[in-house]
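Chain and residue survey
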Amino acid sequence: MIDSKLLRNDFPMLTNGIKMQGKPLVWLDNASTTFKPLCVLEAVSKYYTHETSNSHRGDYDLCFNMDTKIMEARKTLASLLNAEPKEIVFTAGTTMSINQVAFGYAAKYLKEGDEILLTEAEHASNVLPWYKVCEMTGAVTRFIPLTKEGRLTAENLEKTISSKTKIIAVAQVTNVLGYVTPIKELAAIAHKHGAIIVVDGAQSVPHMKIDVKDLDCDFLSMSGHKMCGPTGVGVLYGKFDLLQKTDPFMTGGGMNAKFNMCGEASYLEAPVKFEAGTLNLEGIIGLDAAVKYIMNIGLDNINEHEKALKKYAVEQLEKTGNVTIYNADSEAGIVTFNIKDVFAQDAATFLNSKGIACRSGNHCAKILNDFLGTPATVRASFYFYTTKEDIDALVDAVKHGKEFLDAYF
Amino acid sequence: MPTFELNPQMMREIIMDHYSNPRHKGVPTGEGYTKTHSSAVNCIDDIDIYLKSSNGKVVDAMWEGTACTISTASTDIVCEQCIGKDYKDSLYMIEQYLKMIDEKEYDDSVLDEAIVFMNTGKQAARIHCATMGWTAIKEMLEAEEKKGN
């Protein structure tokens, strides 16, 4: 059990009396981004007030200390995922991580006619890089059918996979419906067919315990800002031998071993060969603090709290008789719904007028709306600092959904 | 000034009426229409606008697509209020409307039903929805003017 109300004291965005439209802020857009605890802000600030230096080549103490901090952050992230520190690549976030695999691995090894398997529930960042790879290599994307409720199952992967399949790229938790994908089973099927599995962990890593060794996934991407860390920093996990086989898609300082005037260059080993240029040092330090903070709360505790909130939200929203819920059964703390007879965007504007931050639209999963049979939905998403009171505010607003034009008067 | 008495209830009803029963929604079957596309990054709105004009006058205006309440109603209203007007009057009306949304001084005498969007500026995320149809028609009319049609 966690005490959300106590934890809220750690978050300036929750204690500073922030208002929207004159109403106290109710933050239900955690799948989009999360608030930052003071310990993260202090770590970032301390980098600029006490620790400023670049990393790499620590000839003097401040720089040496920075290299040590980066190494420490790699260890923290490795322990979060049960990986080895050398398997942790710092990136700008999930999008860059997936692009690194697409351009550095897939574009290098895929051939005409090879298949990349996706699902209709994927976020744009786990669709478009693969489309690019197909343009470059002549490979094709295919979609693994989802079950009626929107779940990806091992059974459906078995039906879709072929000898041409080289990559399976799927979210561990989908960002609109919030189903948990059985990655371990999918990875076993992928490997049996000689394919690799590339996991989008943007919506899973912040909310549940991940063990990449147990899952046996080949790559996994995550973002810092969705787990209380700064924006612009994230991680690509890759099995070390796969990282070694992958080309960096950016080259430059800090990642080369040597180069000459004949156009020859050799690169350092993974993970640093992927980290060209000055790293987002404040971001990495902030992410290190965020991950330590979250591990201290406990991912199992966070998961349990969100499950309870999800159940409560679905019950209360259904009780209003005024909503259609698209993912009542999914495991994650995400409720995707529409208020009856109110277009999603209008509903979100109405919620804004009540101080409630929810996302509306297609949530970057533009193919999914055909599956759901609606052009747009409203998404409320929770974190460990979300309370029943936040959900009560949402439910109360939904009850008055018919008055949505009040937002303009 | 609008020809109806202005109260919030009436304003709501006008918006809902144009949303539920848009008069100018559809793809025209006749000839002589120019078409433009308008969409939003922050909203689902994705519409085509069709304009037919001759001798410096708007003969017909229609639109088709997916849109929220505010963009549906506001686009339907701009179509309605441009039809029959010459370019100059249409463009003047559009200019006043855009000033109103921007919360600047405007001439309300030409806005008629469009006055119902006077408070839309309160919801910053929906300003684009309230103006996309209007801006599209403005650009189409300016292009027609340039061509000397």
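Residues numbered from 1 in each chain as written. Chains lettered and ligands numbered in written order. Predicted model: local features only at pLDDT ≥ 70, side-chain atom pairs only at ≥ 80, totals over all residues. Heavy atoms only, no water.

1. Side note on the overall build of chain A
Counting secondary structure elements, chain A contains 15 helices and 17 strands. For 409 residues, the compact-globule formula gives about 22 Å, and the C-alpha radius of gyration of chain A, at 22 Å, lands near that figure. Overall, chain A is about 70 × 55 × 40 Å in size when its C-alpha atoms are taken along their principal axes. When each of the 409 residues of chain A is scored for burial, the buried share is 58%. Here the contacts in chain A between residues at least 6 apart in sequence split such that 71% fall between residues at least 24 apart. When the accessible surface of chain A is summed, it comes to about 16500 Å², and 53% of that surface belongs to carbon and sulfur atoms. The average position of the 42 basic charges and that of the 49 acidic charges among the side chains of chain A differ by 1 Å. (Helix = DSSP H or I, 4+ residues; strand = E, 2+ residues; numbered from the N terminus. Rg over C-alpha atoms; globule rule 2.2 N^0.38 Å. Buried < 20%, exposed > 50% of the residue type's maximum accessible area, 1.4 Å probe, protein only. Contact = heavy atoms within 4.5 Å. Areas by Shrake-Rupley, 256 points an atom, 1.4 Å probe, with all protein chains shown as cover. Lys, Arg positive; Asp, Glu negative; His and termini not counted. Charge placed at Lys NZ, Arg CZ, Asp CG, Glu CD.)

2. Side note on the domain arrangement of chain A
Residue and element names in this part refer to chain A. According to the domain assignment, chain A contains domain 1 (4-30 + 298-408) and domain 2 (41-296). Each of domain 1 and domain 2 was reduced to a C-alpha centroid, and the two centroids are 29 Å apart. Across the boundary between the two partners, domain 1 contributes 31 residues, which contact 36 residues of domain 2. Between domain 1 and domain 2, the buried area comes to about 2600 Å², and carbon and sulfur atoms account for 60% of it. When the buried area of domain 1 at its contact with domain 2 is split by residue, Leu299, Ile367 and Phe371 rank highest and sum to 25% of it. At the junction of domain 1 and domain 2, the tally comes to 2 salt bridges. The residue Glu331 makes a salt bridge to Arg151 at a minimum N-O spacing of 2.8 Å. Where domain 1 meets domain 2, there are 17 residue pairs in polar contact (both at pLDDT 80 or more). Among the elements that make up the side of domain 1 that touches domain 2, the one with the highest residue count is helix α12 (residues 299-319) (5 residues). Among the residues forming the side of domain 1 that touches domain 2, the class breakdown is 17 nonpolar, 8 polar and 6 charged. (Domains from an automatic or database assignment. Buried area = accessible area lost by both parts, 1.4 Å probe. Salt bridge = Lys/Arg side-chain N within 4 Å of Asp/Glu carboxyl O. Polar contact = N/O pair within 3.5 Å; in protein donor to acceptor, adjacent residues only side chain to side chain. Nonpolar A, V, L, I, M, F, W, Y, C, P; charged D, E, K, R; others polar.)

3. What about helix α4 (residues 61-81) of chain A?
Residue and element names in this part refer to chain A. Taking 1.5 Å of rise per residue, the 21 residues of α4 would be expected to cover 30 Å, and the 30 Å separating its terminal C-alpha atoms lies within 8% of that figure. If you check which residues of α4 are buried, you get Cys63, Met66, Ile70, Ala73, Arg74, Thr76, Leu77, Ala78, Leu80 and Leu81. Looking one or two places after α4, you find Asn82, whose phi comes out positive at around 55 degrees. (Expected span 1.5 Å × (residues − 1).)

4. Brief notes about the nonpolar core
Within the largest apolar cluster, 77 residues are counted, with the highest numbers of intra-cluster contacts made by Leu81, Phe90 and Phe384 of chain A. Top contributing element to this core by residue count: helix α11 (residues 281-297) of chain A, with 10 residues. Here this core spans two domains, since at least three of its residues come from each of domain 1 (4-30 + 298-408) and domain 2 (41-296) of chain A. With near-sequence residues (within four places) excluded, Phe90 of chain A lies in contact with Ile70, Ala73, Arg74, Leu77, Gly234, Val235, Glu275, Leu279, Ile284 and Leu287 of chain A. With 74 residues, the next largest nonpolar core counts Phe337, Val378 and Val395 of chain A together with Ile70 of chain B among its residues. (Core = buried A, V, L, I, M, F, W, Y, C linked by side-chain atoms within 4.5 Å.)

5. Here we look at the packing of helix α5 (residues 94-109) of chain A against helix α6 (residues 128-137) of chain A
All names here are of chain A. Two elements in contact, α5 and α6, have axes whose closest approach is 9 Å; the angle formed by their N-to-C orientations is 20 degrees. Relative to α6, the element α5 is oriented roughly parallel. As α5 packs across α6, the resulting crossing turns out to be right-handed. Between α5 and α6, the contacting residues are Ile98, Asn99, Val101, Ala102, Phe103, Ala106 and Ala107 on the first element and Pro129, Trp130, Lys132, Val133, Met136 and Thr137 on the second. (Axes fitted to C-alpha atoms, helices over the stretch in contact; angles between N-to-C directions. Parallel < 35°, antiparallel > 145°, perpendicular 65-115°, else oblique. Left-handed = near helix turned anticlockwise from the far one by under 90°.)

6. Here's the deal with the packing of aromatic side chains
Each aromatic ring pair is characterised by the separation of its centres together with the angle its planes make. Residue and element names in this part refer to chain A. Tallying each qualifying case throughout the model produces 15 aromatic pairs over all chains. Ring centres of Phe103 and Phe249 lie 6.1 Å apart, and the angle between their planes is 20 degrees; this geometry places the pair in the stacked category. Residue Phe103 is located in helix α5, and its partner Phe249 is located in the loop between α10 (240-245) and β11 (256-259); the two are separated by 146 residues in the primary sequence. With relative accessibility at 25%, the residue Phe103 sits in the partly exposed group. Plain terms: the ring middles of Tyr293 and Phe384 are 6.2 Å apart, the flat faces sit at 50 degrees to each other, and that makes the pair tilted. (Phe/Tyr/Trp six-rings, centres within 6.5 Å; stacked < 30°, edge-to-face > 60°.)

7. Some details on a nonpolar patch on the surface
Residue and element names in this part refer to chain A. Taken together, the side chains of Leu128, Tyr131 and Phe143 present a nonpolar region at the surface, about 260 Å² in accessible area. Here Phe143 lies in strand β6 (residues 140-143). Since its relative accessible area comes to 30%, Phe143 is described here as partly exposed. (Patch = residues over 30% accessible without salt bridge, like charges linked within 9 Å, V, L, I, M, F, W, Y side chains within 5 Å.)

8. Thoughts on the sheet that holds strand β16 (residues 359-361) of chain A
Residue and element names in this part refer to chain A. Reading across from one edge, β13-β14-β17-β16 is the order of the 4 strands in this open sheet, with antiparallel pairing throughout. Both outer strands of the open sheet, β13 (323-325) and β16, are each paired with one neighbouring strand and no more. Between one strand and the next, the sheet's axes are offset by a mean angle of 30 degrees, whatever the strand orientation. Summarising the sheet, β13 and strand β14 (residues 334-339) pair through 3 bridges and their orientation is antiparallel. The partner of Thr324 across the bridge, within β14, is Asn338. (Pairing = 2+ DSSP bridges.)

9. Some words on the interface of chain A and chain B
If you look at the interface, chain A gives 16 residues, while chain B gives 20 residues. For the pairing of chain A and chain B, the buried interface totals around 1600 Å² over both sides, and the portion due to carbon and sulfur atoms is 59%. When residues of chain A are sorted by the area they lose upon contact with chain B, Leu405, Tyr408 and Phe409 of chain A head the list and together hold 44% of the total. Summed over the shared surface of chain A and chain B, the result is 1 salt bridge. The partner of Asp406 of chain A in a salt bridge is Arg12 of chain B, with the nearest N and O atoms 2.4 Å apart. Between chain A and chain B we count 10 residue pairs in polar contact (both at pLDDT 80 or more) in total.

10. A word on the pattern of salt bridges
Oppositely charged side chains can form a pair if their charged atoms are brought close together. All names here are of chain A. All chains considered together, the criterion is met by 31 salt bridges over all chains. Residue Lys213 is joined to Glu84 by a salt bridge in which the shortest nitrogen-to-oxygen separation is 2.9 Å. Note that Lys213 is positioned in helix α9 (residues 212-215) and Glu84 in the loop between α4 and β4 (88-91), a separation of 129 residues in sequence. Asp300 serves as the salt-bridge partner of Lys209, at 3.4 Å between the closest nitrogen and oxygen. Here Lys209 is found in the loop between β8 (196-200) and α9, whereas its partner Asp300 is found in helix α12, with 91 residues between them in sequence. One continuous salt-bridge network, built from bridges that share partners, spans Asp29, Arg359 and Arg379.

11. Quick word on α6 of chain A
All names here are of chain A. Of all the residues in α6, the buried ones are Pro129, Trp130, Val133, Cys134 and Thr137. The buried residues of α6 occupy an angular sector of 145 degrees when projected down its axis, which confines them to one face. Of the surrounding secondary structure, the elements contacted by the buried residues of α6 are α5, β5 (115-118), β6, β7 (165-171) and β8. Residue Gly138 follows α6 closely and has a positive phi angle near 85 degrees. (Arc of directions from axis to C-beta.)

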